[in-house]
Amino acid sequence: MALRRRDRARGAYRSYRGQAAEKSGLNSARGEWRKLPRPVRSFTPVAILLTIAILYPFYLSSLPTGNVPLIYSFPSVRSAVTILVFTTMAVGLNVVVGYCGLLDLGYVAFYAIGAYTAGWLASGQFQQVNFHFGSVGVSRDARGIHISIWLVLIIAALLTAYGGVLIGLPTLRLRGDYLAIVTLGFGEIIPQFVRNADSLHGFDLTHGTFGISPIDSPGFGSRLHSSLGLPVAYSQEFTADRLFFWSALGLLLITIFCCIRLRDSRLGRAWIAIREDETAAGAMGIPLMRTKTWAYAIGAFFGGAAGAFIASFNAGAFPSQFSFNISVFLLCMVILGGMGSIWGVVVAGVILSWLNVEGLANIGTWLNDNIFPQSHQIEVAKYQFGIYGIIIVLMMMFRPQGLIPEARRKREIEEGTRGALDEPLYEMRGANEPGAGERGSGGPVPRG
């Protein structure tokens, strides 16, 4: 009966929505939109959003400040860089959790490996050597290893992917909760290692709790600056935040493009098959260990690149940045956006990253200015993890498929909540109802 009432309510809602759309002319607009070629319909929204994102540093100063309900003020360009980098890591984690269905609670380790790789290859950490290759904005006499940050991003991504393979090979034979516990341990080991690896038999590898700083800035060198006008080094420019913003946006777009292509590839279909039913996938001939290891390595690849980039942006890599909370935070982005949905994870990543960087503080300021009296001021940022937990619980209750669900995942959830298994196995019919037969009396008759 509950299912029938829900179906009737949904039917009534669709009817009212259809009538409203017809009166407002929305249906005719949809018809005109559907007449456009498919490539136009696919790329027009992306082009509009990309244009808005690219121009964000230019129109930010003209946006309203202080009077916007709850938002209070829009994120600064520097905060937007952090938002984009965390969103990139969430898209990388989506490969592991959303595509392949592996619960990874130690993704922060890949972030740490990427950041410290940038510290080793683009700073004065190792004073014993003097090696320069493509470095910009650094004196040739500066001690240490100084490699171009663009190359360091690739090296960090490859090294992190290799680390993901080494960790994944012995652990990916596990499933479910056991795999989650192992990845949790891995995520705790790496931050502890970098915190205590300042004296490995007298060798300072990570500089302990002080971290590695400063780390070189990206740039294009004097030659490209003379010929094309590109900046020599970001750190030497007045518009450094804008340059980092556009670079972070480019890194996110590359990650999205690669993940879309991977999703539609043969490997991506194998990941989805493992996510839906690992036993059936193995029975159909999919090599489970190799396929899951690829997911782990590719997810680590993007996490390492993002870690190296944010280390260069912050001009340092510090062990306090790599707590377990980051792994849970990234996992919340995947769940909130919709497991397996790239655009859903992007939207959720931007929302949660903004809340973490500026949003909660801004919301608290607006509430204190407009709602709460002076005697009852609150600091919303203190309750950030409780707020994130409430968000996830509400999503699980009312929209478990996520903000922008993947079509396949949405069908899985809907089929899991509706269908033959939800129909009653034992139905009671009155004697006067059709199908009751001649055995019935005045009371209800069981019908199997």
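Residues numbered from 1 in each chain as written. Predicted model: local features only at pLDDT ≥ 70, side-chain atom pairs only at ≥ 80, totals over all residues. Heavy atoms only, no water.

1. Focus on the nonpolar core
Then comes step 1: Core analysis: the biggest nonpolar cluster contains 105 residues, and Val 81, Val 85, Met 89, Trp 271, Phe 309, Leu 330 and Leu 352 have the highest contact counts within it.
Then comes step 2: Ranked by residue count, the leading element in this core is helix α5 (residues 77–99), at 15 residues.
Then comes step 3: Other than its neighbours up to four places away in sequence, Phe 309 contacts Val 81, Val 85, Leu 153, Phe 244, Ser 247, Ala 248 and Leu 251. (Core = buried A, V, L, I, M, F, W, Y, C linked by side-chain atoms within 4.5 Å. Buried < 20%, exposed > 50% of the residue type's maximum accessible area, 1.4 Å probe, protein only. Helix = DSSP H or I, 4+ residues; strand = E, 2+ residues; numbered from the N terminus. Contact = heavy atoms within 4.5 Å.)

2. Let's talk about the pattern of salt bridges
Then comes step 1: Overall, the coordinates contain three salt bridges when judged by the stated rule.
Then comes step 2: Where Arg 78 meets Asp 241, a salt bridge forms, and the shortest distance between an N and an O atom there is 3.2 Å. You can see Arg 78 sitting in helix α5 and its partner Asp 241 sitting in helix α10 (residues 240–263), a full 163 residues away along the chain.
Then comes step 3: The exposure class assigned to Arg 78 is partly exposed, which follows from its relative accessible area of 39%. (Salt bridge = Lys/Arg side-chain N within 4 Å of Asp/Glu carboxyl O.)

3. Remarks on the packing of aromatic side chains
Then comes step 1: The final tally for this structure, using the stated rule, is 22 aromatic pairs.
Then comes step 2: Between Tyr 116 and Phe 322 the ring centres are 5.9 Å apart and the planes differ by 55 degrees, which places this aromatic pair in the tilted class. Of the two residues, Tyr 116 sits in helix α6 (residues 108–121) while Phe 322 sits in the loop between α13 (288–314) and α14 (324–337), which places them 206 residues apart along the sequence.
Then comes step 3: Note on Tyr 234 and Phe 244: the rings are 5.2 Å apart at their centroids and 85 degrees apart in plane angle, and the pair reads as edge-to-face. Here Tyr 234 is found in the loop between α9 (221–228) and α10, whereas its partner Phe 244 is found in helix α10, with 10 residues between them in sequence. A single burial state applies to Tyr 234 and to Phe 244, both of which are buried.
Then comes step 4: These aromatic residues form a ring-pair network of at least three members: Phe 86, Tyr 111, Tyr 116, Trp 120, Phe 322, Phe 329, Phe 385 and Tyr 388. (Phe/Tyr/Trp six-rings, centres within 6.5 Å; stacked < 30°, edge-to-face > 60°.)

4. With respect to the pairing of strand β3 (residues 144–147)
Along any regular strand, the residues point their side chains to alternate faces of the sheet.
Then comes step 1: Residues Gly 144 and His 146 of β3 are buried on one face, and the alternating residues Ile 145 and Ile 147, pointing to the opposite face, are buried as well.
Then comes step 2: Strand direction decides the pairing type here: strand β1 (residues 122–123) and β3, joined by two bridges, are antiparallel. Bridged to Ser 123 within β3 is Ile 145. (Pairing = 2+ DSSP bridges.)

5. Digging into a nonpolar patch on the surface
Then comes step 1: Taken together, the side chains of Val 46, Trp 343, Val 347, Ile 351, Leu 403 and Ile 404 present a nonpolar region at the surface, about 450 Å² in accessible area.
Then comes step 2: When residues of the nonpolar patch are assigned to their parent elements, the largest contribution, three residues, is made by helix α15 (residues 342–370). (Patch = residues over 30% accessible without salt bridge, like charges linked within 9 Å, V, L, I, M, F, W, Y side chains within 5 Å. Areas by Shrake-Rupley, 256 points an atom, 1.4 Å probe, with all protein chains shown as cover.)

6. Quick notes on the confidence of the model for the protein
Then comes step 1: Confidence in the prediction of the protein, expressed as mean pLDDT, is 83, and 84% of residues score 70 or more.
Then comes step 2: Ignoring residues within four places in sequence, the model shows residues 419–427, a span with pLDDT below 50, making nine contacts including any to other chains.
Then comes step 3: In this model, residues 436–441 is a region of pLDDT below 50 whose contacts with residues beyond four sequence positions or in other chains number seven contacts. (pLDDT = per-residue confidence, 0-100.)

7. Section: the side chain of Ser 312
Then comes step 1: Mapped onto the elements of the fold, Ser 312 is located in helix α13.
Then comes step 2: The exposure class of Ser 312 is buried, given its relative accessible area of 3%.

8. Concerning unusual backbone geometry
Trans peptide bonds make up the majority, and among non-glycine residues the majority have a negative phi.
Then comes step 1: Residues Ser 213 and Pro 214 are joined by a peptide bond in cis, for which omega reads -5 degrees.
Then comes step 2: Take Pro 214: it is sitting in the loop between α8 (176–196) and α9.
Then comes step 3: One non-glycine residue with positive phi stands out, namely His 201, at about 55 degrees.
Then comes step 4: Tracing the chain through its elements places His 201 in the loop between α8 and α9.
Then comes step 5: Here His 201 falls in the exposed class, since its relative accessible area comes to 87%.
Then comes step 6: In this structure, Ala 315 is a non-glycine residue whose phi angle is positive, near 60 degrees.
Then comes step 7: Note that Ala 315 resides in the loop between α13 and α14.

9. Notes on the sheet that holds β1
Then comes step 1: Taking strand neighbours across the sheet as the criterion, the three strands line up as β1-β3-β2 in an open arrangement whose pairing is mixed. Each of the sheet's edge strands pairs with one partner strand only, and the pair in question is β1 and β2 (130–133).
Then comes step 2: The pairing of β2 with β3 spans four bridges and is parallel. Residue pairing in the sheet places Phe 133 in a bridge with Ile 147 of β3.
Then comes step 3: Where helix α7 (residues 149–171) meets the sheet, its contacts fall on β1, β2 and β3, and the angle it forms with β3 comes to roughly 95 degrees. (Axes fitted to C-alpha atoms, helices over the stretch in contact; angles between N-to-C directions.)

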